[in-house]
Amino acid sequence: MKSYFISGTDTDVGKTYVMSGLAAAFRKMDIDIGVMKPFAAGTEQKSGFKSEDIQILAKAAQVNDPEQLLNPQFFSIPASPFTASKNLGVRVDVNLILDSFKKLSNMHDMLLVEGMGGIMTPILKDYFVTDLIKAMNLETIIITRSRIGTVNHTIMTCNMCKQYGIKITGIVINNFDSGYSPHELQRDLEEITDVKVLGIIPYIEKITIDKMMRHVEENIDLKLLI
Ligand SMILES: Nc1ncnc2c1ncn2[C@@H]1O[C@H](COP(=O)(O)OP(=O)(O)OP(=O)(O)O)[C@@H](O)[C@H]1O
Ligand SMILES: [Mg+2]
């Protein structure tokens, strides 16, 4: 069974929510699914996991793995690992990330790994999210939004993946903000990037994992991913 790196064209495009829908849907199919967010950054939650993303993802996948594996490094300011580590005086530990990834891969049949921000978010001066995807030897699913500007961001993301030799499984259009008509966006992105759009997720009122799971089941051919 394959594992995937869930990347995005930017921060706040819906990586966590779309991934939670995928994880919940795979769990429902009786697949032993694991989740990971190598680096998380932002305000620390008062209870549960430090990272809100991990709180959502662990619940969706129904895993009880240690926080240290699910999210090896948490930075309490919203910034890239590169900037956050400098500002906090904490060392980025890529080996710790890769060790945790290996352990989680051995604990589950399939692993979904959420990226940080976009594909070129810096981890070290000369080490980006793209390098992490390569080190994990994963293919990637790119989450993109529908707001005007997304065509530029998606083409750049696909081109960087091609430059780094990262296989792109497909694009998911998270149609939660107005701008492009999602079907025209699909048509144009497929023509320009030669990457398949796996599905379009609509805006979800009062979003929950369960609602997202149903939209994922309806709009993405999950059999293609297992
Ligand atoms: N389909 C949707 N319908 C409605 N709201 C959505 C949808 N997708 C995402 N959202 C909302 O958009 C916000 C950003 O989503 P999410 O946290 O999944 O983004 P992200 O790419 O994981 O961000 P980050 O880079 O911080 O990890 C969330 O508040 C979520 O509630
Ligand atoms: Mg997220």
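Residues numbered from 1 in each chain as written. Chains lettered and ligands numbered in written order. Predicted model: local features only at pLDDT ≥ 70, side-chain atom pairs only at ≥ 80, totals over all residues. Heavy atoms only, no water.

**Some points on the environment of Met29**
And step 1. In this structure, Met29 sits in the loop between helix H1 (15-28) and strand S2 (33-36).
And step 2. Other than its neighbours up to four places away in sequence, Met29 contacts Leu222 and Ile226. (Helix = DSSP H or I, 4+ residues; strand = E, 2+ residues; numbered from the N terminus. Contact = heavy atoms within 4.5 Å.)

**Section: the sheet that holds strand S10 (residues 197-202)**
And step 1. A sheet is described by the order of its strands in space; here six strands give the open sequence S2-S5-S1-S8-S9-S10, paired in parallel fashion. Edge strands, defined here as strands with exactly one partner in the open sheet, are S2 and S10. On average, each strand axis in the sheet is inclined to that of its neighbour by 20°, with strand direction left out of account.
And step 2. Two strands pair when backbone bridges link them, and S2 and strand S5 (residues 110-114) are joined in this way by four bridges, in the parallel orientation. Considered in S5, the bridge of Ile33 is made with Met110.
And step 3. Along the sheet face, H1 touches strand S1 (4-8), S2, S5, strand S8 (139-145) and strand S9 (168-175) and points at about 170° away from the line of S5. (Pairing = 2+ DSSP bridges. Axes fitted to C-alpha atoms, helices over the stretch in contact; angles between N-to-C directions.)

**Examining the pattern of salt bridges**
And step 1. Evaluation of the coordinates by the stated rule reveals 12 salt bridges.
And step 2. Residue Lys223 pairs with Asp221 through a salt bridge whose shortest N-O separation is 3.5 Å.
And step 3. Each of the salt bridges in this network shares a partner with another, and the network as a whole consists of Lys2, Glu139 and Lys167. (Salt bridge = Lys/Arg side-chain N within 4 Å of Asp/Glu carboxyl O.)

**Looking at helix H6 (residues 129-136)**
Since the α-helix packs 3.6 residues into each turn, any two residues three or four apart lie on the same face.
And step 1. Here H6 lies mainly inside the structure; six of its eight residues are buried.
And step 2. Residues of H6 that are buried include every one of Val129, Thr130, Asp131, Leu132, Ile133 and Met136, and no others.
And step 3. The first or second residue beyond H6 is Asn137, which carries a positive phi of 55°. (Buried < 20%, exposed > 50% of the residue type's maximum accessible area, 1.4 Å probe, protein only.)

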